Amino acid sequence: SAVISQKPSRDICQRGTSLTIQCQVDSQVTMMFWYRQQPGQSLTLIATANQGSEATYESGFVIDKFPISRPNLTFSTLTVSNMSPEDSSIYLCSVEEGKQFFGPGTRLTVL
Amino acid sequence: GIQVEQSPPDLILQEGANSTLRCNFSDSVNNLQWFHQNPWGQLINLFYIPSGTKQNGRLSATTVATERYSLLYISSSQTTDSGVYFCAAISGGGADGLTFGKGTHLIIQP
């Protein structure tokens, strides 16, 4: 199964700033996904990121707020822009290899 | 899109007890997975089970696709089984991201 790492593992940020989260996979994968887990809640899909094409965003998520890059088959970034306290969440990336595997997550707190 | 509902939302058991967690889904699925989220937030893959029955140690799962439900069985519970159990699915004709249920919060008391 794929081994997925994320950076940073956690961060505390000031409102109005932006944070870029990195997701690295140890093998080449076609499809990568970004999810958000708000405190005490379930996971919600933000977007699907395929290499060589624009990310596909779910309802309620927009590119200006959550720009995503997918420069190659082992790496992706998610930026949380112009942050507010409501963006405090765990952000997780996942990859599909028959089934989906998840990275360890990035725990973000916005003050 | 597909709806995924889990029950019960909370479950408190004594060590050694058995439990059954249920997941209902609203559409045919080509992917159904069970996860355990530990206290540190890590999602652990338990089962990939769009249909049929699988077992892994004290855990087993059954999905009856025609009736649109899946069950996760935990036998002889241990305190390390505590955490949140999520069911997630992708519908047969839907997008490729998983839709998660709200989870079952399981507490195993010593």
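What this report covers is the structure whose coordinates are included nearby. Values in this document were obtained by computation on a predicted structure and should not be read as measured data.

Along chain B, the regular secondary structure elements total zero helices and 11 strands. Sequence-ordered secondary structure for chain B, helices as α and strands as β, is β-β-β-β-β-β-β-β-β-β-β. Counting only C-alpha atoms and orienting by the principal axes, one finds that chain B spans roughly 45 × 25 × 20 Å. Here chain B, with 110 residues, has 48% of them falling under the buried criterion. At a minimum sequence separation of 6, the contacts of chain B that also span at least 24 residues come to 55%. Carbon and sulfur atoms form 49% of the exposed surface of chain B, whose accessible area is close to 5,200 Å². Chain B carries 5 positive and 7 negative side-chain charges, and their two centres are separated by 3 Å.

Attention now goes to the sheet that holds strand 7 (residues 68-72) of chain A. All names here are of chain A. Spatial strand order, 1-3-8-7: four strands in an open sheet with antiparallel pairing. Every other strand in the sheet has two partners, leaving strand 1 (4-7) and strand 7 as the edge strands with one partner each. Taking the axes of each pair of neighbouring strands and ignoring which way they run, one obtains an average angle of 15° across the sheet.

Taken as a whole and assessed by the stated rule, the structure comprises two disulfides over all chains. The disulfide that involves Cys-23 of chain A links it to Cys-93 of chain A, with 2.0 Å between the sulfurs. In this structure, the disulfide formed by Cys-23 of chain A and Cys-93 of chain A twists by about 70° around the S-S bond and is classed as right-handed. Taken as a pair, Cys-23 of chain A in strand 3 (residues 19-25) and Cys-93 of chain A in strand 9 (residues 89-97) lie far apart in primary sequence, 70 residues in all. Classification of Cys-23 of chain A as buried rests on a relative accessible area of 0%. One disulfide bridge connects Cys-23 of chain B with Cys-87 of chain B, the sulfur atoms lying 2.0 Å from each other.

Each partner contributes residues to the interface: chain B has 18 residues there, and chain A has 17 residues. Note on chain B versus chain A: buried area summed over both sides is about 1,400 Å², and carbon and sulfur give 53% of it. Inspection of the chain B/chain A interface yields five residue pairs in polar contact (both at pLDDT 80 or more). Contributions of two or more residues to the side of chain B that touches chain A are made by strand 4 (29-37), strand 5 (43-48) and strand 9 (83-91) of chain B. With four residues, strand 4 of chain B is the single largest residue contributor to the side of chain B that touches chain A. Split by residue class, the side of chain B that touches chain A holds eight nonpolar, eight polar and two charged.

Calculation rules
- Along each chain, residues carry numbers from 1 onward, in the same order as the chain's sequence is written.
- Chains and ligands are labelled sequentially in the order written, the chains with letters from A and the ligands with numbers from 1.
- Given that the model is predicted, a residue must reach a pLDDT of at least 70 before its local features are reported, and side-chain atom pairs must reach 80 or more before they are shown or counted; all residues, however, enter totals for whole chains, interfaces and linings.
- No hydrogens and no water enter the side-chain calculation; it runs on all heavy atoms of the structure.
- Secondary structure elements are defined from DSSP: runs of H or I of at least 4 residues count as helices, runs of E of at least 2 residues count as strands, and each element is numbered from the N terminus.
- Whether a residue is buried, partly exposed or exposed follows from its accessible area with a 1.4 Å probe, protein chains only, as a fraction of its type maximum: under 20%, in between, or over 50%, in that order.
- We call two residues in contact when some of their heavy atoms are within 4.5 Å.
- With residues, only the protein chains shown are counted as cover, and all accessible areas are computed by Shrake-Rupley using a 1.4 Å probe.
- Under the counting rule used here, the positive set is Lys and Arg, the negative set is Asp and Glu, and His together with the chain ends is not counted.
- Note that the charge is assigned to NZ on lysines, CZ on arginines, CG on aspartates and CD on glutamates.
- Here, any two strands with at least 2 DSSP bridges between them count as paired.
- In this analysis, axes come from line fits to C-alpha atoms, helices being fitted only over the stretch in contact, and the angle between any two N-to-C directions falls in the range 0 to 180 degrees.
- The criterion for a disulfide is a pair of cysteine sulfur atoms lying within 2.5 Å.
- Summed over both partners, the accessible surface that disappears when two parts come together, traced with a 1.4 Å probe, is what is meant by buried area.
- Any N or O atom pair separated by 3.5 Å or less is treated as a polar contact, with the protein-specific requirement of one donor-capable and one acceptor-capable atom, and with residues adjacent in sequence counted only for side-chain atom pairs.
- Only Asp, Glu, Lys and Arg are considered charged in this grouping, and only Ala, Val, Leu, Ile, Met, Phe, Trp, Tyr, Cys and Pro are considered nonpolar; every other residue, Gly among them, is considered polar.

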